[in-house]
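Observations on the model geometry
These are the residues of each chain, in order.
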Amino acid sequence: MAQINPTVGDLEGNTAKIIGYIEQARSLKADLVAFTELAVPGYPPEDLLFKPQFIRDNLRYLDKVVKASRGIAVVVGFADKKDGKLYNAAALANDGKLVHVYHKMFLPNYGVFDEKRYFEAGRECPVYTIRGVEVGVNVCEDIWYEAGPAAVQCDAGAELIVNINGSPYHAGKSGYRYEMLANRAVDNRAVVSYTNMVGGQDELVFDGDSVVFGHDGSLLLRGNQFREELLFVDLDIDAVSRARRDRGSARQQAHEALKEIGEPVRIHVSGYSGDVDRPPLPRRETAKLGPVAEVYQALVMGTRDYVTKSGFQKVVVGLSGGIDSSITAVIAVDALGKENVVGVTMPSRYSSEGSVVDSRLLSDNLGIRLMTVPIEPAFGAYLGMLEEPFRGTESGVAEENLQARVRGNILMALSNKFGWLVLTTGNKSELATGYSTMYGDMAGGFAVIKDVPKMLVYELARHVNEAQGKEVVPDSVIEKPPSAELRPDQRDEDSLPPYEALDAILKAYVEEDKTYGEILALGYDEAAVQRAVRLVDGSEYKRRQSPPGVKITPRNFGRDRRMPIVNRYRQY
């Protein structure tokens, strides 16, 4: 299984990567190597699929992959066009020839997926005889259905199911993914191979975590998360045959019901040619990440790939001495190297001495360059310019936000001058409630922790310090009360419910779609729930103008949740 990190639209680069892994697999005398979903064009290609030239070019590069399949069977994802219709497809190549093409049957159209916008569903469920083994091939969503192509293929004799994927990450997903795959293996008395891609693409990050489950539901192989690698496994197919003879099929579907799913097709590719003298499998170790470590690595990979695949080398981060900007800088250093991260502290008349000191201490701990650009001259100039229009009014949010906008201008000026990408530092709790300033702290190119709730930000900081065995994020940063420091003695809790309660309310409302009444029934303070829900509903226009960021929760603001901006529906 080739757990690769393709780039959308990089047909030449993706193809070269695929061919390189084919050569590695061949060198160890593998019978078959499986790549990921839409590996040739990159995943997800979105509206590039509407461009006829893109489809033609993707087919032309598939030809190069096919020709590279000498002496080995290859399963690889691409976009196929047949009779004027487009399909999410898996090609089976063998010994330099295209043997057959499978068209994905179940097209997801929920959450981040929009496949019915582009593709038609396939109808055939092929079973290929490869080196004498009966193999069913299908794509991603197809394996999630108990009554799906895998059931048809196994009913037609498939002993091994090869499923290729572009399955996006969110926290905790691997647990129910494993359970589903083990069930498919047991249901069908078949080995199930699940090859998933790695890497970041815009807001999405893919975690790899490719697996093989035996016919009895046992885990035979697991790939690392967030790491590109080639995985080898030897399969005892005779054990599948013995289990089927001894215990029969565990499936309950009748043959006639299976025919309604799709038509089984038998295709001979190659017969058994005797035992092959193969070199030993490479030694490898797989470390299972803990829940917080998993999220951290997703943020690192998503940031690295967004920055580098977009053509940037360096990033700039505004450092306030707070927890959010601190963890953003730490992630950036792990993603890009300390030499490619620049911190900027921009003190104002309201900045505490501790915040300036903490920014310096963090920069020293990380070994990054720190620039100091005081905003007082610009802030004073703005106040002078606006003195007449503001005359007779109380100083308030408008004056506070001027400071954030001055800082946003400074960061964007540095970006323009030196070609650095600005990383914004707002978290999901702030984005949900609109606790941010348009054209101020929201200004930038990539929002690293956009989908990370505030309390998880603290967990990430503690994880970094524990993992590195030293104080990377200063304890003073972790322990101080969160504050925007835009007025004297300001605290976030002056404007928001306490984050411990707020994050739970937001999860219920945004990620779980619970009603206002259902959230109250969970026991949360009525005033806090009403305030949180109102802030979420009233901040959609702000969120639409925020930069993309890494998705790490089941429902993020962006691809997952698409609410109308103009919306008068209220539950309270």
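In the block above lies the structure referred to throughout.
Here is a short report on the structure shown in this document.

**Quick notes on the overall build of the chain**
Tallying secondary structure elements over the chain gives 19 helices and 20 strands in all. Relative to its length of 572 residues, the chain is compact, with a C-alpha radius of gyration of 27 Å against a globular reference of 25 Å. When burial is assessed residue by residue, the chain has 55% of its 572 residues classed as buried. For the chain, long-range pairs separated by at least 24 residues make up 75% of all intrachain contacts whose partners lie at least 6 apart in sequence. Summed over its atoms, the accessible surface of the chain is roughly 24,400 Å², and 49% of this surface lies on carbon and sulfur atoms. Averaging the locations of the 68 positively and 79 negatively charged side chains of the chain gives two centres separated by 4 Å.

**Here we look at the side chain of Asn14**
Within the element layout of this structure, Asn14 appears in helix H1 (residues 11-27). Overall, Asn14 belongs to the buried group, its relative accessible area being 2%. Beyond its immediate chain neighbours, meaning those up to four positions away, Asn14 contacts Pro6, Thr7, Ala39, Val40, Pro41 and Gly42.

**Details of the pattern of salt bridges**
For the coordinates displayed, the defined rule picks out 25 salt bridges. Salt-bridge contacts for Arg349 lead to Glu376; the nearest nitrogen and oxygen are separated by 2.5 Å. With Arg349 in the loop between strand E17 (341-345) and helix H9 (353-366) and Glu376 in helix H10 (residues 376-385), the pair connects residues that are 27 residues apart, well separated along the chain. Judged by relative accessible area, Glu376 falls into the partly exposed class, the value being 28%. Here the salt bridges do not stand alone but share partners, grouping Glu540, Arg543, Arg544 and Arg561 into one network.

**Quick notes on the layout of surface pockets**
Counted as a void, the second largest pocket has a volume near 970 Å³. Contributing to the lining of the second largest pocket are 37 residues, with Asp31, Val233, Asp234, Leu235 and Arg278 lying nearest its centre. Residue assignment for the lining of the second largest pocket shows that the elements contributing at least two residues are strand E2 (32-34), strand E7 (133-139), strand E8 (160-165) and helix H5 (237-247). Looking at side-chain class alone, the lining of the second largest pocket contains 23 nonpolar, 5 polar and 9 charged residues.

**Looking at empty space enclosed by the protein**
Counted under the stated rule, the structure contains 1 cavity of 30 Å³ or more. Approximately 70 Å³ is the volume found for the largest cavity. Taken together, Val536, Asp537, Glu540, Arg543, Arg561, Met563, Pro564, Ile565, Asn567 and Arg570 make up the full set of residues lining the largest cavity. Among the elements of the structure, helix H18 (526-538) and helix H19 (540-543) are those that each provide at least two residues to the lining of the largest cavity.

**Quick notes on the sheet that holds E17**
Read across the open sheet, the 5 strands follow the order E18-E17-E16-E19-E20; overall the sheet is parallel. Unpaired on one side and paired on the other, strand E18 (369-372) and strand E20 (446-447) mark the two borders of the sheet. Sheet topology note: the strand E16 (residues 315-318)/E17 ladder contains 4 bridges and is parallel. Paired with Val316 across the bridge in E17 is Val342.

**Section: the sheet that holds strand E15 (residues 263-268)**
With mixed pairing, the 7 strands of this open sheet are ordered in space as E13-E12-E9-E8-E7-E6-E15. The sheet terminates laterally at strand E13 (219-222) and E15, the two strands that pair on one side only. For this sheet the average axis-to-axis angle between neighbouring strands, irrespective of direction, equals 20 degrees. By the bridge criterion, 4 bridges tie strand E6 (residues 124-130) to E7 in an arrangement that is antiparallel. Residue Tyr128 lies in a different strand from E7, and its bridge partner there is Val135.

**Thoughts on the nonpolar core**
Ranked by internal contacts, the top residues of the largest apolar core, which has 48 residues, are Ile327, Val330, Leu460 and Ile552. Those elements that place two or more of their residues in this core are helix H7 (291-309), E16, helix H8 (323-336), H9, strand E19 (421-424), helix H14 (454-468) and helix H15 (475-479). Not counting residues within four places of it along the chain, the set of residues in contact with Ile327 comprises Ile449, Val457, Leu460, Ala461 and Val464. Grouped together as the second largest cluster of nonpolar side chains are 41 residues, Val33, Phe54, Phe78 and Phe113 included.

**Thoughts on helix H12 (residues 397-418)**
Taking 1.5 Å of rise per residue, the 22 residues of H12 would be expected to cover 32 Å, and the 32 Å separating its terminal C-alpha atoms lies within 8% of that figure. Just past H12, the residue Gly419 takes up positive phi, approximately 75 degrees.

**A few points about the environment of Thr328**
Position of Thr328 relative to the elements: it lies in helix H8. Spatially, the C-alpha atoms of Thr328 and Arg462 are 14 Å apart, while their sequence positions differ by 134 residues. Not counting residues up to four positions away in its chain, the partners in contact with Thr328 are Val317, Leu423, Thr424, Thr425, Val448 and Ile449.

**Remarks on the packing of aromatic side chains**
The final tally for this structure, using the stated rule, is 10 aromatic pairs. On the numbers, 5.2 Å between centres and 50 degrees between planes, the contact of Phe50 with Tyr118 is tilted. Residue Phe50 is found in the loop between E2 and helix H2 (52-67), and its partner Tyr118 is found in the loop between strand E5 (97-103) and E6; the two are separated by 68 residues along the sequence. Exposure remark for Tyr118: the relative accessible area of 15% places this residue in the buried category. Centroid distance Tyr178 to Phe213: 6.2 Å. Interplanar angle 65 degrees. Geometry classified as edge-to-face. Taken together, the residues Tyr178 in helix H4 (residues 173-188) and Phe213 in strand E12 (residues 211-213) connect sequence positions 35 residues apart. Note on accessibility: Tyr178 and Phe213 belong to one class, buried. One aromatic cluster is present, formed by Phe50, Tyr118 and Phe119 through successive ring pairs. Geometry around Phe557 places Lys428 over its ring, the cationic atom sitting 5.7 Å from the centre.

**Overview of the packing of helix H16 (residues 499-511) against H18**
A packed helix pair is summarised by two numbers, namely the angle formed by the two axes and the spacing between the axes. Orientation of H16 relative to H18, taken along the N-to-C sense of each, is 55 degrees, at an axis distance of 10 Å. In this view, H16 runs oblique relative to H18, as classed from their interaxial angle. For the element pair H16 and H18, the recorded crossing hand is right-handed. Counted together, Leu502, Ile505, Leu506, Tyr509 and Val510 of H16 and Ala528, Val529, Ala532, Val533, Val536 and Asp537 of H18 form the full contact between these two elements. For the contact of H16 with H18, the residue count by class is 10 nonpolar, no polar and 1 charged.

Rules behind the numbers
- Residues numbered from 1 in each chain as written.
- Predicted model: local features only at pLDDT ≥ 70, side-chain atom pairs only at ≥ 80, totals over all residues.
- Heavy atoms only, no water.
- Helix = DSSP H or I, 4+ residues; strand = E, 2+ residues; numbered from the N terminus.
- Rg over C-alpha atoms; globule rule 2.2 N^0.38 Å.
- Buried < 20%, exposed > 50% of the residue type's maximum accessible area, 1.4 Å probe, protein only.
- Contact = heavy atoms within 4.5 Å.
- Areas by Shrake-Rupley, 256 points an atom, 1.4 Å probe, with all protein chains shown as cover.
- Lys, Arg positive; Asp, Glu negative; His and termini not counted.
- Charge placed at Lys NZ, Arg CZ, Asp CG, Glu CD.
- Salt bridge = Lys/Arg side-chain N within 4 Å of Asp/Glu carboxyl O.
- 1 Å grid on protein atoms, 1.4 Å probe; cavity = no way out; pocket = protein on both sides within 12 Å on 5 of 7 lines; lining within 4 Å.
- Points joined across faces, edges and corners; volume = space filled by probe spheres on them.
- Nonpolar A, V, L, I, M, F, W, Y, C, P; charged D, E, K, R; others polar.
- Pairing = 2+ DSSP bridges.
- Axes fitted to C-alpha atoms, helices over the stretch in contact; angles between N-to-C directions.
- Core = buried A, V, L, I, M, F, W, Y, C linked by side-chain atoms within 4.5 Å.
- Expected span 1.5 Å × (residues − 1).
- Phe/Tyr/Trp six-rings, centres within 6.5 Å; stacked < 30°, edge-to-face > 60°.
- Lys NZ or Arg CZ within 6 Å of the ring centre and 35° of its normal.
- Parallel < 35°, antiparallel > 145°, perpendicular 65-115°, else oblique.
- Left-handed = near helix turned anticlockwise from the far one by under 90°.

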